[in-house]
Every structure is written in structure tokens, then in C-alpha cells.
Amino acid sequence: MEKRIYNFSAGPAILPEEVIKAAQEELFCLPGVGMSILEISHRSKVFDKIHAEAKDGLKKLLNISDDYHILFLQGGASLQFSMVPLNLMPPANKADYIVTGTWSKKAVSEAKRVGTVNISASTADQNFIRVPKQDELKLDPGAAYLHYTSNNTIFGTQFHSEPDPGNVPLVCDASSDILHKKIDVSKYALIYAGAQKNIGPSGVTLVIIRKDMLERSSDSIHTMLNYKTHTENDSLYNTPNVFGIYIIALVTKHLEKMGGLDAMYELNKKKAGLLYDCIDNSGGFFKGHAQKDSRSLMNITFTLGSEELEKKLISEATAAGFDGLKGHRSVGGLRASIYNAFPIAGVEALVSFMNDFMKRNG
Ligand SMILES: *Cc1c(COP(=O)(O)O)cnc(C)c1O
């Protein structure tokens, strides 16, 4: 079999090796079913069980109460940029958005099609090197909700605690850090996340919505865009991503086995710490993009003295078996995405490669 390389891709991203192997083993035939997961009906008992396992797994890991629905939708996190305002903005028709990067800007542009957007804070003038502090937020007590992006995948910044929205419902795009640590779900009205970074394959989007928020969804909203359609049909109004939900079930089981989200958080802090220490101890050879207090544990962004040197590092790294390190074009430089499934051995290997590269080129 081919040897797997170290995959630093920002998304779709690495999945736990154990999950890939389990899926591979069961792909020809689910045990006792005689068919693969790719071939079974989403209305079958077999799928019911898998679907329930995925929901229960998330419920347990995040301690989600019965006040919430757990949905598996399609259209990516990007469709949630529209569904959130379409469903939740009325009747106030205005909402607060914190702008901390490319994804929150995209969320804002869809919300503007529905109503008035108040930018509570933006760090655009600093090229998104940090997330705003609580006392910088200009919050409208009459807003329908406050929307923020918990981890900025492209810029490598992260909120280390959620903003306090006051009495306004809090909505979060958690696509790139969901399940990286325990969060207090009860503080949120809605959390959404494309699965392909930290919980599964692309093509399935997790939505955790507090039941009272559904009162806002008007019947005039198109059926597929209405959260009520999906809660009333338990994500089965149309054919869901059966395979994606199956993988999420496996990932939640794997995380439970790893010791749950507190254990993952410790591991994630350790992994990111190794890379940030390497950057900080390089005497300026590597420069971190994010301000220290806003650094992401998931996406580590950094630059080198010149583009030429960056190209050289990427090409040598690729040859050495490190893939996906090229930074997003809006930041440049490099980005190491080290989600839950990324092994610490891979981080250690990259750090030693970076130190060696610095010795040869510094
Ligand atoms: C990747 C990403 C998205 C876009 O997700 P899609 O599933 O491709 O629509 C949105 N928000 C954040 C924070 C992301 O990292």
C-alpha cells in the first residue's frame, strides 16, 4: 500500500487514520447488511442507526442539551451565510457581524441581501492579524443576532472565548475549529460548520440550532432554505450525504476514544505550541502572521523574508513528504493546518525540517 504523507491541507483536510481504515474495511459491505454505506437508503433502519450515532456522538462530545436540534445539511458553510439571515433576521431585519477575515466578509455580503448589517468590529485595516476584544464591539441591543467566525482559517486567528452578545442570540461559523475543544453550546443560538475541516468529508454541514429560533423561520422561505423543513424532517427532507454522516459518526467515536474534547484541546495546544515556538525562536527568520493573543490552534500562518525563500521551503517540504503548506493567496507565505486528526509526530517532523531549513538558509 502507498505510504501516507503529512497532509497540512486547510480543507478538505486530514481525517483520523483509524476512521479511514474503518471506512475502508466496511466499504464493500457494512457488517450484517450486505451492502456498502454508499448504496443504502437514507430511510433504512441501518442508516437510522448511523444517523443517530452521529447525532449522539456530537451531543455527548459537546454536551448539547435537548433544547437544540442537530442537523446535517448540504451546500457547505457557504449556504449557511444565506440561511442564517433568511431565517433569523426577521422581524428586526438587522443583525450584527464581527468581521475577522474572508469567511466573515462573505457571510456579511449574503446577510446584506436580507437586511441591514451592522459591522460590530472589523480588523480588516490590519489585514486580519487579530480578532477584536470585547470592549471594541459596537453591539446593537435590537439586532436579530450577533454573528462571528470562531476560527479564521485563512488568516490563522481564533477567538479563544466567545464574544458576549448581551441579550442578543449568538451565531457562530465554527467550520474550522468545531470539536477542537469543549465549548458551552448553551451560549449559542446557532452554530454551523462545514464538515471538511475537523469532523468529516466535504458535502455535509453541521447545524446546531436552538429550538426557539425556529419561531423566526417564515413559511415564505423556500422549502430547502427553511430550517423548519430540516428540523421537522430530521435532516431527511431530501437525500442527505449518507456517507458524510457515516464518517462523522466514526469521527465522534474516535474522539471519544481519544479522551474527549478536553484531551483533544490539550493535544491541540501542544501541537500548535511546537510550531509557534519554532517561529518565535527563529530570530525573525519565520514571522507569524497572527498577533500572539489571537493565534489559531488550527491554522498556523507565517511568512519568510522573501517570496523566493518561501517557494524554496514549500518545494523542499513537498519533496520531503509535507503537503498543503502553501498559504492562501490573500496572506501569502505558509499555512500549516493542524486540525484534530493531524498527528503530533507530523508537527514534530515539520518543526525539525523548518529548523534545518533555517540553518541552511538563515
Ligand atoms: C472553509 C470555510 C468555509 C466555507 O465552507 P464551505 O463548506 O466550502 O462552504 C466557511 N467558513 C469557514 C470558517 C471556513 O473555514
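Residues numbered from 1 in each chain as written. Predicted model: local features only at pLDDT ≥ 70, side-chain atom pairs only at ≥ 80, totals over all residues. Heavy atoms only, no water.

Chemist: Can you walk me through the overall build of the protein in this structure?
Modeler: Secondary structure assignment for the protein yields 9 helices and 14 strands. For 362 residues, the compact-globule estimate of 2.2 N^0.38 gives 21 Å, and the C-alpha radius of gyration of the protein, at 21 Å, lies within 12% of that figure. Taken along its principal axes, the extent of the C-alpha atoms in the protein is 65 × 55 × 30 Å. Residues classed as buried in the protein amount to 54% of the 362 residues present. Accessible area for the protein stands at about 15900 Å²; split by element, carbon and sulfur atoms hold 52% of it. Looking at charge distribution, the protein has the averaged site of its 40 positive side-chain charges lying 3 Å from that of its 40 negative ones. (Helix = DSSP H or I, 4+ residues; strand = E, 2+ residues; numbered from the N terminus. Rg over C-alpha atoms; globule rule 2.2 N^0.38 Å. Buried < 20%, exposed > 50% of the residue type's maximum accessible area, 1.4 Å probe, protein only. Areas by Shrake-Rupley, 256 points an atom, 1.4 Å probe, with all protein chains shown as cover. Lys, Arg positive; Asp, Glu negative; His and termini not counted. Charge placed at Lys NZ, Arg CZ, Asp CG, Glu CD.)

Chemist: Would you mind showing me how to read the nonpolar core here?
Modeler: Nonpolar side chains in soluble globular proteins tend to be buried together. One finds Phe-72, Ile-178 and Leu-179 to be the most contacted residues of the largest nonpolar core, which totals 51 residues. Residue contributions to this core peak at 9 residues, all from helix H6 (residues 242-257). Formed by 35 residues, the second largest nonpolar core is a distinct cluster that contains Leu-304, Leu-313, Val-347 and Leu-350. (Core = buried A, V, L, I, M, F, W, Y, C linked by side-chain atoms within 4.5 Å.)

Chemist: In this structure, what is going on with the site of the ligand? I would like to understand it.
Modeler: The ligand sits among 13 residues. The nearest are Ser-78, Thr-153, Asp-173, Gln-196 and Lys-197. A distance of 2.4 Å separates an oxygen atom of the ligand from a polar atom in the side chain of Thr-153. The side chain of Lys-197 places a nitrogen or oxygen atom 2.7 Å from an oxygen atom of the ligand. Protein chains shield 87% of the accessible area of the ligand, which is 390 Å² for the free molecule. Here the shell around the ligand takes 4 residues from helix H3 (residues 76-88), the largest share from any one element. Its residues placed into classes, the shell around the ligand shows 3 nonpolar, 8 polar and 2 charged. (Near = heavy atom within 4 Å. Polar contact = N/O pair within 3.5 Å; in protein donor to acceptor, adjacent residues only side chain to side chain. Nonpolar A, V, L, I, M, F, W, Y, C, P; charged D, E, K, R; others polar.)

Chemist: What exactly am I supposed to notice about the pattern of salt bridges here?
Modeler: When their charged atoms lie close together, side chains carrying opposite charge are able to pair. Per the counting criterion, the structure on display carries 20 salt bridges. Between Asp-219 and Lys-228 there is a salt bridge, with the nearest N and O atoms lying 3.7 Å from each other. Residue class for Asp-219 comes out exposed when judged on its relative accessible area of 69%. For Lys-228, a relative accessible area of 23% puts it in the partly exposed group. (Salt bridge = Lys/Arg side-chain N within 4 Å of Asp/Glu carboxyl O.)

Chemist: Mind showing me how you'd approach the layout of surface pockets here?
Modeler: Unfilled space is identified by rolling a water-sized probe across the atoms. Roughly 400 Å³ of internal volume is contained in the largest pocket. For the lining of the largest pocket, the class distribution of residues is 15 nonpolar, 4 polar and 5 charged. Two domains share the lining of the largest pocket, each providing at least three of its residues, namely domain 1 (18-257) and domain 2 (260-361). (1 Å grid on protein atoms, 1.4 Å probe; cavity = no way out; pocket = protein on both sides within 12 Å on 5 of 7 lines; lining within 4 Å. Points joined across faces, edges and corners; volume = space filled by probe spheres on them. Domains from an automatic or database assignment.)

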